[in-house]
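Breakdown of the fold
Given next are the chains, with one letter for each unit.
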Amino acid sequence: MSGIVLVAKQFHSDTEAWDLKFYVLGALFYRFLSDDLVEFINAEERAAGVDDFSYANLDDATAEQARLTTIEEKGYFLLPSQLYGAVQSAASKDQNLNETLVSVFKAVEATAVGTASENAYKGLFSGFDPNASVLGDTIDERNKRLVRLLTAVAAYEMTDAADDFDELLRYYVTTAGKKGGDHFTPPTIAELVARLATQANPEARSIYDPAFGSGSLLIKARQWLTHDATLSGQELVRTNYNMARMNLLVHGVEFGWIDLDGGASTLTAPAHRDDEPFDIIVSNPKWSEKWVGKDDAVLVTDDRFAPAGVLAPKQYHDLAFTMHAASWLATDGVAVLVQFPGTLYRGAAEAKIRQYLVTNNLIDTVIQLPPDWGYGVTVAGVVVVLRKAKRDSAVLFVDASKLFKRVGNKNELQEEHQKAILDAVHMRENVDHFARLVPNEDVALEQFDLSVSRYVSPVDERVAVDIHALNADIAQIVQRQSELRMGIDAIVADLEGVAS
């Protein structure tokens, strides 16, 4: 267990973990911002020949001289008195610690107002409320708890803030079960999605996620590119929106490449109409949730959904996200979506949407994942790949349901498993019991059912029987039974003779 997770467990119980997650994540991020800013300014001054320069030791008035240039480069600014170390060292004696923290967080956000970094920092710390009753019934209780948190975060050895942030996220989603799994894609699944996307479009300059949760798919996809790319997306849950921006920043994504929005649904109030189309779209939207659907007359004519002639049913929003992705995908782009398997075979409106997607040659690949990889669910899930510029008029079906290693209480896709899937998708050829390329017209004959099991037959694991050898064995058994029966009859006859 990492040091930061121990800090979290000391701050709250497991039952409190999900509700208090933003305090630990926020404290870690605050320390990261402070350390990163000090390192940046110190490096600048030392490069200019001031070898013993230490920004943390400056007075605020002198430090003000660096404000404008620092904001231009880093996107935010903290005075020496506002740095994590300064606030933490004085915290135990600060009876107004709650107010101090509020002022520091507002100051960070205020420095970005009216600049290129405003979208990355605005409201970033809104989930860290020092005055929330969840921390305690009185101001004194809350401050004492915050002192313990700040002290613990200051004391643990932070060698890689990005790794620590990832570790915290995994801890919180595993503690929260399904509730946490709705906001976080497990690392090996996220990596597979990222590799599928970037393998198909290695020159991508824009990556988009219409339901980005913690932002892990955006981060993974960008890491697999060899160049910078804009990260765009939208997230309904505002806490996730803040958490994802922290996640991107702590992973070294510069503010100029971040274009995220939060607080509204992509399906009913899309925020990036002026930015589409996108080179890469990756997403793992919450599975089979209700949405307004046909009850909203505007959606019926929405250019994202209208081409299918029908909206996704109100009880299942999954294929609404699929249509949204298909609409906003660049001509040479690729969309990789993690979905509930029911989207492949459910009937009525969903069957009509699949018909549109297949008929218009938008479905590139369907991959059946192994079971029990998600948090709080054991359903296998599937990956659907969309492309507009395909090299054939067919759908590749890949059965990866047996590709996993049991790690702890979950199944994970190891490197060899991911490589097997990636190779199959790249080669786009038939592989017995694993991959099959099916012409669109053959999919139509199956009423546009996209279930992988309908097209890829499993390995026959039944034991082959040699019928001739079996018959010979049976004959020997019958003969032996006959001999035994004759022997028993003889014994019985002898006994009857003696008795008479």
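Scroll up to find the structure.
The present account deals with the structure reproduced in this document. Since the structure is predicted, the reported quantities are computational estimates derived from the model, not experimental observations.

**Quick word on the overall build of the protein**
What the protein contains, in helices and strands, is 20 helices and eleven strands. Compactness check: the protein gives a C-alpha radius of gyration of 30 Å against a globular reference of 23 Å for 500 residues, more than 25% above the reference. Residues counted as buried form 50% of the 500 residues belonging to the protein. Within the protein, residue pairs in contact and separated by at least 24 positions form 74% of the contacts whose partners lie at least 6 positions apart. Total accessible area on the protein stands at roughly 23300 Å², and carbon and sulfur atoms take up 51% of it.

**Some remarks on the environment of A424**
For A424, the position within the fold is in helix α17 (residues 415-427). With sequence-adjacent residues up to four places away left out, A424 is seen in contact with L396, V398, E429, F434 and A435.

**As for the pairing of strand β1 (residues 206-209)**
Consecutive side chains of a regular strand alternate in pointing toward one face of the sheet and then the other. By the alternation rule, side chains of β1 split into S206 and Y208 and I207 and D209, which are all buried. Bridging between β1 and strand β2 (residues 230-235) involves four bridges; their strand directions are parallel. Bridge pairing in β2 links I207 to L231. Taking the sense of rotation as the criterion, the β-α-β connection linking β1, helix α12 (residues 216-223) and β2 turns out right-handed.

**With respect to the packing of helix α15 (residues 318-327) against helix α16 (residues 349-359)**
When two helices pack together, their arrangement is given by the angle between the helix axes and by the axis-to-axis distance. Running from amino to carboxyl end, α15 crosses α16 at an angle of 20°, the nearest separation of the two axes being 11 Å. The angle between the axes of α15 and α16 places the two elements in the roughly parallel class. The handedness of the crossing between α15 and α16 comes out as left-handed. Here α15 contributes L319, T322, M323 and A326 to the contact with α16, which in turn contributes E350, I353, R354, Y356 and L357. Here the residues of the contact of α15 with α16 are counted per class, giving six nonpolar, one polar and two charged.

**A short note on the pattern of salt bridges**
For the coordinates displayed, the defined rule picks out 24 salt bridges. Among the ionic pairs, K74 bridges to D36, the shortest N-O distance being 2.7 Å. A residue pair is termed long-range when its members are at least 10 positions apart, and K74 in helix α4 (residues 67-74) and D36 in helix α2 (residues 17-47) qualify at 38 residues. The exposure class assigned to D36 is partly exposed, which follows from its relative accessible area of 23%. Among the salt bridges present, the one from K410 reaches D372, with a minimum N-O distance of 2.9 Å. In this pair, K410 sits in strand β10 (residues 410-412) while D372 sits in the loop between β6 (363-368) and β7 (382-387), placing the two residues 38 residues apart along the sequence. Judged by its relative accessible area of 13%, D372 is buried.

**Comments concerning the packing of aromatic side chains**
A ring pair, where both rings are aromatic, is described by two values, the distance of the centres and the angle of the planes. Overall, the coordinates contain 18 aromatic pairs when judged by the stated rule. On the basis of an interplanar angle of 40° and a centroid distance of 5.6 Å, the ring pair of Y208 and W328 is categorised as tilted. Separated by 120 residues along the polypeptide, Y208 in strand β1 and W328 in the loop between α15 and β5 (329-339) bring together distant segments of the chain. For Y208, a relative accessible area of 0% gives the class buried. Seen in terms of ring centroids, W287 and W373 are 6.0 Å apart; in terms of plane orientation they differ by 75°. Their pairing is edge-to-face. Pair noted here: W287 is in the loop between β4 (278-283) and α14 (297-300) and W373 is in the loop between β6 and β7, with a separation of 86 residues, a long-range link.

**Thoughts on α15**
With nine of ten residues buried, α15 lies mostly within the body of the structure. Among the residues of α15, D318, L319, A320, F321, T322, M323, H324, A325 and A326 are the ones counted as buried.

Rules of the game
Residues numbered from 1 in each chain as written. Predicted model: local features only at pLDDT ≥ 70, side-chain atom pairs only at ≥ 80, totals over all residues. Heavy atoms only, no water. Helix = DSSP H or I, 4+ residues; strand = E, 2+ residues; numbered from the N terminus. Rg over C-alpha atoms; globule rule 2.2 N^0.38 Å. Buried < 20%, exposed > 50% of the residue type's maximum accessible area, 1.4 Å probe, protein only. Contact = heavy atoms within 4.5 Å. Areas by Shrake-Rupley, 256 points an atom, 1.4 Å probe, with all protein chains shown as cover. Pairing = 2+ DSSP bridges. Right-handed = clockwise from strand over helix to strand, strands pointing away. Axes fitted to C-alpha atoms, helices over the stretch in contact; angles between N-to-C directions. Parallel < 35°, antiparallel > 145°, perpendicular 65-115°, else oblique. Left-handed = near helix turned anticlockwise from the far one by under 90°. Nonpolar A, V, L, I, M, F, W, Y, C, P; charged D, E, K, R; others polar. Salt bridge = Lys/Arg side-chain N within 4 Å of Asp/Glu carboxyl O. Phe/Tyr/Trp six-rings, centres within 6.5 Å; stacked < 30°, edge-to-face > 60°.

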